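Residues per chain are reported as follows:
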Amino acid sequence: MIAALVPVLPPRWTLAAPSPEDSALAAALIGETQLPPVVAELLVARGVRTSEEAQRFLYPRVEDLLDPFSMRGMDRAVERIQRAVAEREPILIYGDYDVDGTSATVLLKTAIERLGGTVRFHIPHRLREGYGMQREILEIAAREGVRLVVSVDTGIRAFAAADAAAELGLDLIVTDHHLPEPELGTPRALAVLNPNQPGCEYGCRHLCGAGVAFKLSQALLEAWDRDRARTKILPSFLKMLAIATIADAVPLLGENRIFVALGLAELRRPVGLGLRALMREAQIDPARRPLNPVDVAFRLAPRINAAGRMDIASEVIELFTTRDDARARELAAKLERLNQDRRAAEAAMLGEIAARLDEPCFRDARCIVMDGDGWHRGVIGILASRIVSQTGKPAVVVTRENGEAYGSGRSIAAFNLLEAIESCHELFTRFGGHAHAVGFSLPSERVPELRQRLAAWAAAHLRDEDLGNPLGCHAELPLDEVTPALFDWLRRLEPFGMENEEPVFVARNVRVTAPLQFMKEKHVRLRVTQGQTFSAVGWNLAARIRDLQIGPDSVVHLAYRVRHNDHPDFGGLELEIAGIEPAPSCA
């Protein structure tokens, strides 16, 4: 098994020792599957308990998708949509303006149209309408003959809109993944599909909004033609679903892992004109290199999100459904321009925020509430994420416009931001989200009280050790146990993402064996030895290693990821340094 832990790790490195129960489970897995010990322990840490579960984790298949009818409300939702299709009723899909909401709209629209249904959709304008369903849109739909509305990635707290739909004679199906209101429950609707609602026993609670829309699509398509759905249609849907699942940062475990693993494989063969055009704008060529979650999160998703942040997100739906190549190229080019505009707006605001973070009121706060006048609402969520990354504290960024304040917040693992927001719910005009991301609006004069209330909540619920950005390590692995065969097993844990992070290993008392090579004054390459020798690359670590005075013959503790360099002349296994500290004997 993995080497026993010594008592002390370098500061801010964390490594949880497996419990006796987990060690026993890992030992059983090793006996049944012949897995390498470190891989068995990594699987157990991810919730795998049996050899059958290990097989499903390591080799995801479409056949392992869960039964959509095990989700509460699915029977009623499917029956109503089937009736609308049979009676040629127009159906309104009411979406959201981010990657998750637009992807969900594309998936469900495509599925219903496959069945012969008539679908229209509405994606709200972020600045003019804000988040969620609005009565005015429902009234227009009712006047135009719509009798069925299906929300995607929104609606679980839309009590007023649900009541309005009932008054207008509209049947409402809510599909959402955000947490329900704890006291009021779910809104009045013909059916509510949300794995987080009370009484739902669906086997994967952490679906994104597009994941819930996909399950409804799966139920509709399999009820129509199960074999065709499983072999042809659903695999093609997984491309958009993988993008949404990665972009929404939900845990890549359970069914989400199937979505992303198979969806990334499908993205190697993009068929849709819009997707191909967007990949060209993002300079992604899947024929040269398979896509990974980083490509999706940092190259595809920001361009899709840019539409909703800076302009009209409904054009994303057109991009992914058009059959006109010229139009697809035009729309993809527009998303590229909007993404550049978003980056410029973000950079301007980030400079102002960075200058203020040194002020005592922000430096000493456990939960940062940063507010300003006229900041672009489309990028405040990104800025909150940047503050969290820089400070290791939960952060809320608020912009004030004409007496109203609009906020977006992001959090750290130890702090449930939605609970914090709910603790002062009476301040808000509207709010929603989940543990680590929230959005809200409130009158501008209430922002100081919001800051005080969140500060008090954070003081009561955050410890000093919860703050900061610790380096989470997953297992001890001396370098002499790193082999090509082990690397092949580690690759089977991919795709990596939320709660299935790429493993960071710890090797203690490693010797540096050659002069250091510095690259562009920012990066460094070392030769390290512990039973066998590896090249180890430290990105943006040159200054840190100089400060530590690490050089030839230094003995260090190393936190690292295993990599494979594909260069034809000097390729092979190498290490990426995640953390490095002098061993105590050399301090």
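Everything numeric in this text was worked out from a predicted model, so none of it was measured.

**Structural notes on the environment of R342**
Working step 1: On the secondary structure map, R342 appears in helix α13 (residues 325–356).
Working step 2: On the basis of relative accessible area, R342 is assigned to the buried category, the value being 10%.
Working step 3: Residues R342 and H376 lie 34 residues apart in sequence; the distance between their C-alpha atoms is 9.1 Å.
Working step 4: Contacts of R342, omitting those with residues within four sequence positions, involve P302, R309, M310, V379 and I382.
Working step 5: A polar atom in the side chain of R342 sits 2.8 Å from the side chain of N339.

**A few points about the packing of helix α12 (residues 314–321) against α13**
Working step 1: It is the contact of α12 with α13, at a shortest axis distance of 9 Å, that shows an interaxial angle of 140°. What the angle tells us is that α12 and α13 run oblique. Crossing handedness for the pair α12 and α13: left-handed. Between α12 and α13, the contacting residues are E315, E318 and L319 on the first element and R327, A328, L331, A332, K334 and L335 on the second.

**A look at helix α11 (residues 293–310)**
Working step 1: When the terminal C-alpha atoms of α11 are compared, their 24 Å separation across 18 residues agrees well with the 26 Å that a helix rising 1.5 Å per residue should span.
Working step 2: A maximum bend of about 40° is found in α11 at A301, where proline P302 lies one to four positions downstream.
Working step 3: With 13 of 18 residues buried, α11 lies mostly within the body of the structure.
Working step 4: Its side-chain oxygen at 2.9 Å from the backbone nitrogen of V294, N292 defines the N-terminal cap of α11.

**A closer look at the confidence of the model for the protein chain**
Working step 1: With 97% of its residues at a pLDDT of 70 or more, the protein chain has an overall mean of 92.
Working step 2: With pLDDT under 50 throughout, residues 1–7 is counted as low confidence; its partners more than four residues away or in other chains account for 17 contacts.

Definitions and limits used
Residues numbered from 1 in each chain as written. Predicted model: local features only at pLDDT ≥ 70, side-chain atom pairs only at ≥ 80, totals over all residues. Heavy atoms only, no water. Helix = DSSP H or I, 4+ residues; strand = E, 2+ residues; numbered from the N terminus. Buried < 20%, exposed > 50% of the residue type's maximum accessible area, 1.4 Å probe, protein only. Contact = heavy atoms within 4.5 Å. Polar contact = N/O pair within 3.5 Å; in protein donor to acceptor, adjacent residues only side chain to side chain. Axes fitted to C-alpha atoms, helices over the stretch in contact; angles between N-to-C directions. Parallel < 35°, antiparallel > 145°, perpendicular 65-115°, else oblique. Left-handed = near helix turned anticlockwise from the far one by under 90°. Expected span 1.5 Å × (residues − 1). Bend = angle between axes of the 7 residues up to and from the residue. pLDDT = per-residue confidence, 0-100.

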